[in-house]
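So you can see what is in the structure, the chains are spelled out below.
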Amino acid sequence: RILEGMMDGAKLIVIDPRLSNTASMADHWLPTWPGSETALFLSWAKIILDKDLYDKKFLNEQVNWKEWLDAIHPDAEKSVDSFISLLKEEYAEYTPEFAAKECRIPVEQVIEAGEIVANSGSQLCTHVWRAASIGNLGGWQVSRSLHFLNVLTGSVGTVGGTSPNSWSKFKPE
């Protein structure tokens, strides 16, 4: 299914310290230092936010931003625009340079793959393989930060995006 998607124009980014069979077929292989993936994803979130490539309608309708503002910024204006502005401040430290240092990969790789992610819109399809999420202290933050990219781009339950796993189970005939 991955190769079929690539034949239809999808770009494949593999984040794995190992040059796996899938990584060898990828458009971009990022051999990150184990446990550093969250830094990479948060830097991509910053790119999405800084370039205003987020899905404002999705954020407004599907994210509990009012509760976040009440809990973290009780004096802030209660609007989605205020929420987005504060998110930009919240993630300001996660620059591509920060991610490159944490991940031990060239900053050019962080930016190039991040631009693909940021420009994918509602067709960002993501998957976490178990190594990143269980092999490191705090590993499930990898899944959470990766899904944050889907939330920012509004690519949850969309054609070409990421769906909850029970929505589209592959069942061979």
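Up top is the structure these notes are about.
What you see is a predicted model, and the numbers here were worked out from it, not measured in a lab. (Residues numbered from 1 in each chain as written. Predicted model: local features only at pLDDT ≥ 70, side-chain atom pairs only at ≥ 80, totals over all residues. Heavy atoms only, no water.)

**Here's the deal with the overall build of the chain**
The helix and strand inventory of the chain stands at ten helices and two strands. Reading the chain from its N end, one meets helices and strands in the order α-β-α-β-α-α-α-α-α-α-α-α. Against the globule reference of 16 Å for 173 residues, the chain gives a C-alpha radius of gyration of 16 Å, in line with a compact fold. Taken along its principal axes, the extent of the C-alpha atoms in the chain is 50 × 40 × 30 Å. In the chain, which comprises 173 residues, the proportion classed as buried is 39%. In the chain, of all internal contacts separated by at least 6 residues, the share reaching a separation of at least 24 is 59%. Here the chain displays about 10,500 Å² of accessible surface, and carbon together with sulfur accounts for 53% of that area. (Helix = DSSP H or I, 4+ residues; strand = E, 2+ residues; numbered from the N terminus. Rg over C-alpha atoms; globule rule 2.2 N^0.38 Å. Buried < 20%, exposed > 50% of the residue type's maximum accessible area, 1.4 Å probe, protein only. Contact = heavy atoms within 4.5 Å. Areas by Shrake-Rupley, 256 points an atom, 1.4 Å probe, with all protein chains shown as cover.)

**Considering the nonpolar core**
Core analysis: the largest hydrophobic core is formed by 38 residues, its most contacted members being W44, F83, L149 and L152. The set of elements that each furnish at least two residues to this core consists of α3 (37–50), α4 (56–62), α5 (65–72), α6 (80–90), α7 (96–103), α8 (107–118) and α10 (140–153). Broken down by element, this core gets its largest block of residues, eight residues, from α3. (Core = buried A, V, L, I, M, F, W, Y, C linked by side-chain atoms within 4.5 Å.)

**Focus on the packing of aromatic side chains**
The final tally for this structure, using the stated rule, is six aromatic pairs. Aromatic rings pair up to connect Y91, Y94, F98 and F148 into one cluster. Positioned over the ring face of W33 is R104, at 3.8 Å from the centre of the ring. (Phe/Tyr/Trp six-rings, centres within 6.5 Å; stacked < 30°, edge-to-face > 60°. Lys NZ or Arg CZ within 6 Å of the ring centre and 35° of its normal.)

**Some thoughts on the layout of surface pockets**
Its volume calculated, the second largest pocket comes out at about 400 Å³. For the lining of the second largest pocket, the secondary structure elements donating two or more residues are α3, α5, α6 and α10. Among the elements that make up the lining of the second largest pocket, the one with the highest residue count is α10 (six residues). (1 Å grid on protein atoms, 1.4 Å probe; cavity = no way out; pocket = protein on both sides within 12 Å on 5 of 7 lines; lining within 4 Å. Points joined across faces, edges and corners; volume = space filled by probe spheres on them.)

**Quick notes on the side chain of T153**
Examined against the element boundaries, T153 turns out to sit in helix α10. We classify T153 as buried; its relative accessible area is 3%. At 2.9 Å, the side chain of T153 and the backbone oxygen of L149 are in polar contact. Residues contacting T153, with those up to four places away along its chain left out, are I48, D55, V117, G121, S122 and L124. (Polar contact = N/O pair within 3.5 Å; in protein donor to acceptor, adjacent residues only side chain to side chain.)

**Considerations on the side chain of S145**
Checked against the element boundaries, S145 lands in helix α10. Of note is the side chain of S145, whose polar atom sits 3.2 Å from the backbone oxygen of V142. Setting aside chain neighbours within four positions, we find S145 in contact with T38, F41 and L42.

Read these as spatial facts, not as claims about activity.
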